[in-house]
Structure formats: C-alpha cells, structure tokens
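Topology and contacts: notes
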Amino acid sequence: MTVNKRKKPASVNPIKIGQSLGAVLALQGCYRAMPLIHGSQGCSAFPKALLTRHFREPIAVQTSALQEMDVIFDANRNLEEALNIVLSKHRPDIIGIVGTELTDVAGVDYVTMLKSYKRERNLRGGLAFSVVLPDFRGSLESGFSATVEAMMDELIQQVGHRGSRTVNTRQITLLPGSFLTPADVMELKEMISAFGFEVIAVPDISTSLSGHLLTGFSPLTRGGVPLDSMLQSLQSGLTIAVGASMERPARRLHNALGTPYKVFSGAMGLKASDELLHFLHQISGEPVPLRYCWQRENLLDSMLDAHFQFAGMSAVAALEPDHLYSVSGWLEELGVEQKALISSFETPVVDGMEREVWVGDLDDAEVLGKGADLWISNSHGISGAARIGAAFMPAGFPVWNELGAYMSVSVGYRGAMEWSNKAGNLLMQREAGHRESSIRHR
Amino acid sequence: MDPVRKVDFDSEACGSQAPKSKPCPRPKPGEAAGGCSFDGAQITLLPIMDAAHLVHGPIACAGNSWESRGTLSSGPSLSQYGFATDLNDSDIIFGGEKKLKESIDYIAGRFAPPAIFVYSTCVTALIGEDMDAVCKEAGDRLGIPVVPVNSPGFVGSKNLGNRLAGDALLQYVIGTGDPEPEIPLGVNLIGEYNIAGEMWDIEKLMNSAGISVTSRITGDARYKEITWAHHAKVNMVVCSRALLGLAREMEAKYGIPFFEGSFYGAKETTYSLRQMAYLMNDREMERRVDRLTEREESRLAQDLRPYRKMLKGKKAVLYTGGVKSWSVISALKELGVQVVGVGTNKSTEDDVRRIADRVGDDTEYIPEGGASRILKTVRERKADIMIAGGRNMYVAMKEQIPFIDINQERHKAYAGYEGLLRLAKELTYSLANPVWRLAASPAPWDKGVPYDR
Ligand code: SF4
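Read on for a plain summary of the structure. Every value quoted in this text rests on a predicted model; they were computed, and no experiment measured them.

1. Digging into the layout of surface pockets
Residue and element names in this part refer to chain A.
- In this structure, the second largest pocket occupies an estimated 1000 Å³ of space.
- Contributing to the lining of the second largest pocket are 35 residues, with Lys 118, Leu 123, Ala 128, Glu 154 and Gln 158 lying nearest its centre.
- At the level of elements, α4 (75-90), β5 (94-99), α6 (110-121), β6 (127-131) and α7 (140-160) are the ones that each hand at least two residues to the lining of the second largest pocket.
- By residue number, the principal contributor to the lining of the second largest pocket is α6, which donates seven residues.
- Partitioned by chemical class, the residues of the lining of the second largest pocket number 16 nonpolar, nine polar and ten charged.

2. Things to note about the pattern of salt bridges
- One pass over the full model with this rule turns up 46 salt bridges over all chains.
- The partner of Lys422(A) in a salt bridge is Glu402(A), with the nearest N and O atoms 3.3 Å apart. Placement of Lys422(A) in helix α17 (residues 412-440) and of Glu402(A) in the loop between β15 (391-394) and α17 is noted, with a sequence separation of 20 residues between them.
- In this structure, Asp91(B) engages Lys99(B) in a salt bridge whose closest nitrogen and oxygen atoms are separated by 3.5 Å. Like Asp91(B), the residue Lys99(B) is buried in the burial classification.

3. Some remarks on the sheet that holds strand β13 (residues 403-405) of chain B
Residues and elements named next belong to chain B.
- Read across the open sheet, the five strands follow the order β11-β10-β9-β12-β13; overall the sheet is parallel. The open sheet has two free edges, formed respectively by β11 (364-366) and β13, since each of these has just one partner strand. Taken over all neighbouring pairs, the strand axes of this sheet differ in orientation by 20 degrees on average, direction set aside.

4. With respect to the packing of aromatic side chains
- Summed over all chains, the structure comprises eight aromatic pairs over all chains.
- Aromatic pair Phe46(A) and Phe38(B): ring centres 6.1 Å apart, planes at 80 degrees, arrangement edge-to-face. Within this pair, whereas Phe46(A) is found in helix α2 (residues 42-55), its partner Phe38(B) is found in helix α1 (residues 37-45), the two belonging to separate chains.
- For Phe46(A), a relative accessible area of 8% gives the class buried.
- With a relative accessible area of 2%, Phe38(B) lands in the buried category.
- Considering the side-chain rings of Phe38(B) and Tyr119(B), the 6.1 Å spacing of their centres and the 85 degrees angle between planes classify their relative orientation as edge-to-face. On the criterion of sequence distance, the pair formed by Phe38(B) in helix α1 and Tyr119(B) in strand β3 (residues 116-120) is long-range, its members being 81 residues apart.
- Through a chain of ring-to-ring contacts, the aromatic side chains of Phe46(A), Phe38(B) and Tyr119(B) assemble into a single cluster.
- Positioned above the aromatic ring of Trp400(A) is the side chain of Arg53(A), whose terminal nitrogen or guanidinium carbon lies 3.7 Å from the ring centre.
- Note that Lys262(A) overlies the ring of Phe264(A), its terminal NZ or CZ placed 5.3 Å from the centroid.

5. Observations regarding the site of the ligand
- The environment of the ligand is formed by Ser40(A), Gly42(A), Cys43(A), Phe46(A), Cys36(B), Phe38(B), Cys61(B), Thr121(B), Cys122(B) and Gly153(B).
- The pocket occupied by the ligand, as judged from atoms lying within 2 Å of grid points, is the second largest cavity.
- Ranked by residues supplied to the shell around the ligand, first place goes to α2(A) with three residues.
- When its residues are assigned to classes, the shell around the ligand shows six nonpolar, four polar and no charged.

6. Some thoughts on the pairing of strand β14 (residues 374-377) of chain A
Residue and element names in this part refer to chain A.
- Residues Leu 374 and Ile 376 point to one face of β14 and Trp 375 and Ser 377 to the other, with burial holding for every one of them.
- Examined bridge by bridge, strand β11 (residues 314-319) and β14 share three bridges and lie parallel to one another. Looking at β14, one finds that Ala 315 is bridged to Leu 374.
- Examined bridge by bridge, β14 and β15 share four bridges and lie parallel to one another. Bridged to Trp 375 within β15 is Phe 392.

About the thresholds
Positions within a chain are numbered from 1, following the residues in the order the chain's sequence is written. Chains and ligands are labelled sequentially in the order written, the chains with letters from A and the ligands with numbers from 1. In keeping with the model being predicted, local features are shown solely for residues with a pLDDT of at least 70 and side-chain atom pairs are shown and tallied solely at 80 or more, while totals for entire chains, interfaces and linings include all residues. By convention in this description, side-chain values take in all heavy atoms of the structure and omit both hydrogens and water. Within this scheme a cavity is a closed region of a 1 Å grid, computed over the protein atoms alone, that accommodates a 1.4 Å probe without allowing it to escape, whereas a pocket is open but has protein on both sides within 12 Å along at least five of seven lines; lining residues each have an atom within 4 Å of a point. Grid points are joined across faces, edges and corners, and a volume is the space filled by probe spheres set on the points. Runs of H or I in DSSP of at least four residues are treated as helices and runs of E of at least two as strands, each being numbered from the N terminus. Residue classes follow a fixed rule: Ala, Val, Leu, Ile, Met, Phe, Trp, Tyr, Cys and Pro count as nonpolar, while Asp, Glu, Lys and Arg count as charged, and any other residue, Gly among them, counts as polar. A side-chain nitrogen of Lys or Arg and a carboxyl oxygen of Asp or Glu constitute a salt bridge if their distance falls within 4 Å. Any residue under 20% of the maximum accessible area for its type is buried, any over 50% is exposed, and the rest in between are partly exposed; the area is computed with a 1.4 Å probe on protein chains only. Pairing between strands is defined by DSSP: at least two bridges between the two strands are required. Interaxial angles span 0 to 180 degrees and are taken between N-to-C directions of axes, which are lines fitted to C-alpha atoms, for helices over the stretch in contact. Any pair of Phe, Tyr and Trp rings, taking the six-membered ring for Trp, is counted once the centres come within 6.5 Å. Such a pair is stacked with planes under 30 degrees apart, edge-to-face with planes over 60 apart, and tilted for the rest. Note on criteria: charge over ring means Lys NZ or Arg CZ within 6 Å of the ring centre, with the direction from the centre no more than 35 degrees off the ring normal. The nearness test applies per residue and asks whether one of its heavy atoms lies within 4 Å of the molecule or strand. Placement in a cavity or pocket follows one criterion, namely that more than half of the molecule's atoms lie within 2 Å of its grid points.

Given below as structure tokens:
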C-alpha cells in the first residue's frame with residue numbers, strides 16, 4: 001500500500017545490517033568455501049562475531065586487511081596476497097570476494113583484478129567469483145541474494161563451456177531466502193522431497209549451521225552444498241525460490257538455461273503452506289503425504305486453542321523485507337492487529353503489501369508501536385520492547401537471547417504452529433506478570 | 001590527500017613501551033583476525049553510559065557492532081543506543097557533514113545527553129570529512145561537548161583504537177570539569193570497562209579499604225566524572241597497555257603518579273590495593289589495606305579449598321589476544337592450573353617478559369592467531385581446558401574441549417577475590433560437566449554390543 005519513512009537525520013537503533021554480512025552468510029551454506037571481504041579488518045571481524053553469536057557456530061571468513069595506505073595506493077595488492085594465502089593454505093572449493101563500501105568509494109576494481117588473477121593462475125576446478133555490495137543500498141537480505149546470484153552466474157559461465165544440458169525433471173533447485181533458519185531450510189527440503197523430488201538447496205545452511213559435530217577443525221566452511229551438487233543443480237527441471245529476494249537468482253537461471261521457476265514470497269502460516277503443498281502436489285502428481293494432512297489439522301486445532309489468547313492483541317514487527325512480509329501474513333491469520341510494520345529497506349514486496357510499511361529502525365518500532373502487546377524483531381529490540389511494555393519475541397538476525405533460535409521452524413504447518421504457540425505463550429506470561437504486579441501494588 | 005594519522009604513529013600502537021624499532025606488524029591479508037581501530041575506540045568509550053555515541057559512516061560499521069559488548073550500566077543506558085548517520089550514496093558523493101550536523105542536533109534535542117561522542121569510520125575518513133570542525137561548531141552552538149573520535153578502522157588494530165580513544169579523552173574531556181566538593185579524591189581506574197560488572201566488585205573492595213574512585217575510565221562511567229579525572233591522586237592502569245599513554249600524559253601534565261596493575265588473582269589484587277595506598281602516601285590507609293587483604297585472602301583460601309583440589313594439575317591453554325595474558329596467568333596459577341600455552345599475539349615485549357616471569361619454561365607461546373594454531377597447542381600439550389574469547393568458543397565446542405570465555409562478551413566477572421572464586425567455580429563446573437563424557441561416547445548401536453533384554 002504505502003511505504004513511509006519517519007523524518008529524522010540519524011538512524012537510531014538500526015535493524016539494517018551491512019550487505020556484506022549477507023554475503024558471508026550465503027557462503028556459509030556452501031561446502032569448503034571461504035568468503036573474502038575486501039576491506040579493512042573490522043569489516044570481517046564484526047560479521048564474524050555477529051554470525052558466531054547468532055548461530056553459535058564457528059564462521060568462515062577472511063579479509064584483505066586493508067590499511068589506510070593500501071586503500072590510497074593499491075588495494076588490490078592486498079587482495080592478491082590474501083588470495084594467494086587462502087588458496088595455498090586452505091584450498092577452498094569456492095571463494096567469494098565481497099567488496100565493501102570502502103573499496104567502492106575508493107573505486108577499487110577488484111572484478112577485473114579477479115578475472116586476470118584467474119587467467120594468470122589458471123584457476124580450474126574451483127569456483128571464484130566477486131560481488132559488489134555497497135552498504136548504502138539494501139541490507140542483509142539483498143547482500144545474501146546478490147551473492148547467490150553472482151555465484152549462480154559464475155556457475156553458469158563455467159558450465160557454459162561444457163556443452164549441452166540434460167534436464168532432470170525429478171530434480172528441483174531450492175533457493176532459500178536469507179530469513180530462513182537452518183531448520184527452515186531442512187523442513188523445506190523435506191517437504192519437497194516428500195513428493196519424490198531430489199532437492200538441491202543453494203545455499204544450504206541446514207547442513208552447515210545447524211550444529212553438526214564433525215571433528216577436525218578447518219577454517220573453511222564445514223557442511224553446506226558441495227560444488228559438484230551445485231553444478232548438478234544446473235540440470236534441475238525447476239527452481240523454487242522462497243522469499244521474493246530470491247527471484248533474481250532464479251530468473252538468472254531461467255534466462256541462461258531456460259529453467260522454469262516458481263517464487264513463493266513466504267512459506268509461513270496456513271495459506272502459504274497450503275499453496276506450497278498444493279503446488280508440489282500438482283507438479284508431482286503425488287498425493288500430499290499423510291503427515292502433512294495431520295500437521296494441517298494440528299495447526300488448525302492449535303490456532304483454535306490459541307485464538308482466545310490472540311483476541312484483541314496487537315503487534316509491532318521490525319524485520320528484513322521478505323521476513324516482514326511472511327510474518328505479517330501469519331499475524332493476519334491469527335487476527336492480531338498489526339500496529340506497525342517496519343522494514344530495514346524498501347523492496348517491491350513491501351511496496352506491494354496491503355498494509356502500511358515503514359522503512360526505518362527499532363526506534364521507529366518503539367514510537368509507532370506504542371501500546372502494542374507483542375514485539376517481533378531481532379535481539380536488539382529487547383530494551384525497546386521493554387520500554388513500551390510489549391512481550392518480546394526474538395526473530396530475524398541477530399538473535400542471541402534464546403538458545404536454539406537457529407533451529408526454530410517457521411515454515412510449513414509445523415512452523416506456523418511453533419510460532420503461534422511461542423507468541424501465545426509470551427503473551428500469556430506477560431499477562432501473568434501484569435496480574436502479579438497489580439496484586440503487589442494493592 | 002593527507003593520511004589521517006602519520007604512519008610512524010602506528011609503531012606505538014601496541015603500547016608505548018614497545019621499542020620504536022619494532023612496529024606493530026601489519027595485519028596479514030588472508031590471515032588477519034580481530035577488530036579494527038574503530039572497534040577499539042568504541043570499546044574504550046562506550047562504557048561512558050550517559051553519553052550518546054554516534055557513528056559517522058555507512059550503516060555496516062554501526063549496524064554490525066552495536067550492543068556487542070558485555071559492559072554493564074548501573075543506571076543510564078543511552079550508550080546502549082545505536083546511533084548512526086547511515087550515509088547513503090549521495091551523502092558520500094556530496095559529503096556527509098550536513099547529515100552529521102543534523103544528526104548531532106537531533107540527538108541533542110531528543111535525548112539531551114551530557115555529551116556526544118562522534119566516531120569516524122573508514123569511508124568518512126577516506127572522503128576527508130572535517131569531523132573536528134563539525135563537532136566543534138555543534139558543541140559551541142548546543143552548549144554540550146561534542147567529542148570527535150578520529151579512529152577509522154583502517155588506521156590499524158583494535159589496540160590502536162583504544163589509544164586513539166584515550167587521546168580523545170585527553171584532548172577534549174579530562175581537565176574540563178571539577179568535582180563537587182563532597183567527592184573524596186582518590187584513584188582513577190583506567191582501562192577497566194565493567195565487563196560483566198567487574199568494576200562493581202573492584203569498587204566495593206576499594207571502598208572497604210577506604211579508597212575512593214575518582215573517575216572510572218570508563219567502566220560504568222558518567223561523562224562528568226571523566227572531566228575531573230585530573231584531580232585524582234593516583235592513576236591505575238588496569239591491564240590495558242593501550243591506555244598507558246593516557247596515564248603517562250596525565251603524569252606529565254598534572255603530576256599524577258600511575259602504576260600498572262590487575263585484579264585477576266588474589267596476589268595481583270592485593271598488590272594493586274597496596275600500590276594504591278602507597279602512592280596515595282597515606283600510612284593509615286596502608287594499614288587498612290593490609291588488614292583487608294589479609295582477611296580477604298584467608299577467607300578466599302578457605303572458600304577455594306574444594307575447588308583447588310579439583311583443579312590441581314589441570315592444564316590450560318590461554319588465548320586472550322595478549323593484553324590480559326599475564327594477569328590471568330597469575331589467577332590460574334593460584335588455582336593450581338598450569339598454563340601450557342599462551343597467546344602473545346598482541347603482547348609487547350614487556351608483556352612477554354611478564355608472562356615469562358609467571359610460567360614455566362615448557363609453556364608454548366602462540367604468537368599468531370588462528371583457531372587451528374590454538375587447537376594444535378591444546379592437543380599437543382594435552383590441555384584440559386581452553387580459555388579464550390568468544391570468537392573461539394564454538395571452535396572449542398566442535399572439538400569438545402572445555403572452554404571459558406575471558407573476553408569482552410562474557411557474562412561472568414572474574415576480578416578481585418570474589419572473582420577468583422567465581423573463576424574457580426566456572427573452571428570446575430566446566431571440567432566436570434557430564435556432556436564431555438556423553439559427547440565422547442558413541443551411540444549404543446555403534447558400540448557393537450548386542451541389546452541386553
Ligand atoms: S574497518 Fe572501517 S568500514 Fe569496516 S567496520 Fe571498521 S570502521 Fe567500519
């Protein structure tokens with residue numbers, strides 16, 4: 001409907017996150033990968049610390065460690081040095097060079113540099129690509145999808161030389177958006193394969209950031225989709241993108257290889273899950289597996305149980321665009337009033353929403369969401385929620401105040417049920433707290 | 001274009017005691033770890049709790065870093081707000097000074113903080129923003145101090161950033177105010193950031209010996225108490241070599257004697273308290289300190305007994321990024337834990353000497369970061385536990401090595417006598433946790449033993 005922006009010069013309690021962090025996240029979902037941030041060392045240290053805190057996993061990332069003089073004279077010398085070291089010491093299968101605001105403002109041309117580097121070193125077998133991600137545009141979500149797109153592009157170019165393509169109609173490429181947890185990706189993979197398809201998720205954080213216990217330390221990513229599966233994914237008969245931000249990489253595959261694609265803007269809540277399962281049922285010709293029929297009933301039953309709890313309640317949500325879209329749809333189904341919806345930046349999907357959306361920060365959530373009962377945002381929102389007296393429900397990135405947040409499911413019937421129960425419980429606890437304090441005050 | 005800082009400046013980044021001939025090594029591309037100077041500056045100044053901290057630059061620097069420290073406040077929380085000018089491309093092309101000015105005005109108008117710290121970042125430094133001028137103009141106009149912190153990430157390491165923040169305090173804050181008459185003058189604590197509330201334990205201890213804290217630089221500080229820091233009688237530099245320059249400068253300028261000390265371990269704590277009383281030149285106070293430390297030490301010895309038994313002969317690998325190494329070694333030694341490997345990544349020669357004084361000859365020095373290097377030491381030296389920063393925590397978990405977090409993000413306070421007891425307990429709980437045994441044993445069906453009905 002409308003996208004607004006509150007008028008204030010500074011960002012106060014930002015939800016926006018540097019795009020390069022999205023790139024690092026995307027690469028964590030690829031096996032034996034190394035994201036290499038072309039910038040000063042803080043630009044890799046902060047994302048590393050933040051991702052570690054959220055996923056409670058070691059995070060693979062390196063930096064070209066630019067210092068002031070390097071930026072002024074020859075930033076690419078550092079990049080070359082970093083590439084030499086990373087390639088000779090760790091031999092990654094995939095290396096993603098991620099530009100930062102600094103290299104962009106300084107006008108460093110690392111795209112051309114990487115091309116000639118690859119030519120000179122005769123780099124074969126692996127996948128090396130670069131992606132330009134200035135901070136003043138987008139956020140985590142756009143950094144993530146742009147990286148997947150750049151990676152797909154490089155894959156297509158590599159395979160381009162290898163002649164014709166045989167299409168495997170029983171194989172689906174899944175492009176999961178940045179707002180999905182490892183458990184979400186796992187659930188989606190399961191749902192699609194329950195209809196008899198082979199699924200290749202690109203990237204696949206469900207096998208890298210979900211808490212495995214592989215021993216033998218490596219500074220590269222452990223788990224994630226291997227390069228050969230990624231190459232194989234080019235043979236898929238269909239691409240399924242979850243999250244509108246993943247449409248671009250899907251379209252890239254379509255334009256280059258003719259792979260048809262289907263975008264699900266979200267997969268959260270009854271309607272969205274219905275749509276996904278109905279679609280899978282139709283294209284596979286298989287019946288919907290019994291367990292999903294069961295789960296659908298379970299969800300409806302729990303929604304009936306919970307609707308007393310949600311009646312008359314209102315919520316404020318501050319999330320990345322795709323996530324906000326999904327969460328808003330889910331709140332709609334619960335009959336919760338949506339007091340304020342805040343997005344980190346503007347995308348076509350938030351533009352097209354039926355409700356009013358604000359592009360802003362957590363301070364806007366606090367001002368516009370005043371009086372809301374439930375607050376949904378990343379962990380930075382805890383104190384804002386406390387100030388307006390709303391129950392705080394952690395979601396998005398980063399979440400550090402809840403164990404196992406990265407394993408919570410939001411997609412499918414199971415996810416909707418988990419979220420509804422969680423939100424309902426938080427509201428119940430808040431109510432009990434209120435009752436307590438009113439007794440004490442007498 | 002002029003560099004923001006002269007290159008030779010960097011040679012002192014590791015602490016002023018480092019000889020000029022051996023500059024801080026340049027971070028190695030492809031192998032670098034750790035934060036930038038902007039990060040370091042924030043670590044030093046964010047614990048000034050009632051001030052607003054505005055990051056001047058594109059969103060990533062602030063968006064990825066706010067609320068990442070475990071520094072606690074006993075009251076105001078404005079410093080926990082994330083403020084950013086969040087520059088967009090046209091700001092960068094046409095200059096962000098206007099937006100900076102408007103942001104300062106906005107924050108001053110809405111939050112009425114006693115002061116605003118403004119941090120430059122790589123991009124604003126690169127495009128040559130005149131932050132000092134904007135801050136000065138705004139400060140004069142608004143009637144509150146607006147302090148520029150010129151510590152963009154690309155000038156160097158986190159340590160250098162600590163120093164540059166110290167310089168900003170010296171230049172703009174210390175010496176600009178006077179304490180209220182009823183405030184007793186005593187000691188400034190420099191480089192203590194109240195991680196997990198450690199400052200509070202220390203202050204309690206000092207108070208019971210009758211020593212008062214004049215300024216906290218900067219754990220749980222209020223802005224105005226730093227303005228009168230020059231009235232203190234003694235400066236204590238708490239385990240942060242990067243701020244040694246600040247203490248030195250205050251000695252030269254205001255004649256305040258300083259010493260370096262630590263509160264990790266009973267011995268170090270006692271030494272620090274004694275040193276304070278000694279430098280205050282107060283015999284009565286010295287006697288009080290002696291009585292207090294004796295009492296505390298003997299009580300601690302009692303309390304520690306069961307844990308000492310558990311910890312005796314256990315081996316630890318310590319990797320804290322260098323600065324704290326020697327003081328934590330003392331604490332561990334008192335518990336009977338042997339340090340078999342220690343990080344000297346950012347330590348100066350002076351630090352290394354202190355480390356050498358405290359460990360045995362067969363302790364391995366780990367000069368360079370990298371999780372694999374630390375793990376190798378743990379393996380080779382058959383260490384029982386790894387003590388390091390949060391970044392390496394999950395590396396240890398994957399390898400099923402007991403771990404204690406010692407850095408910025410931790411949640412446990414280890415300073416003072418109470419702190420040592422807490423450390424002993426943490427170490428014991430960690431080592432004795434059943435999870436190590438469970439994680440190490442295979443699933444029943446992998447054991448090859450038939451099911452026993
Ligand atoms: S290195 Fe520079 S751009 Fe990167 S986080 Fe630090 S100050 Fe910001």
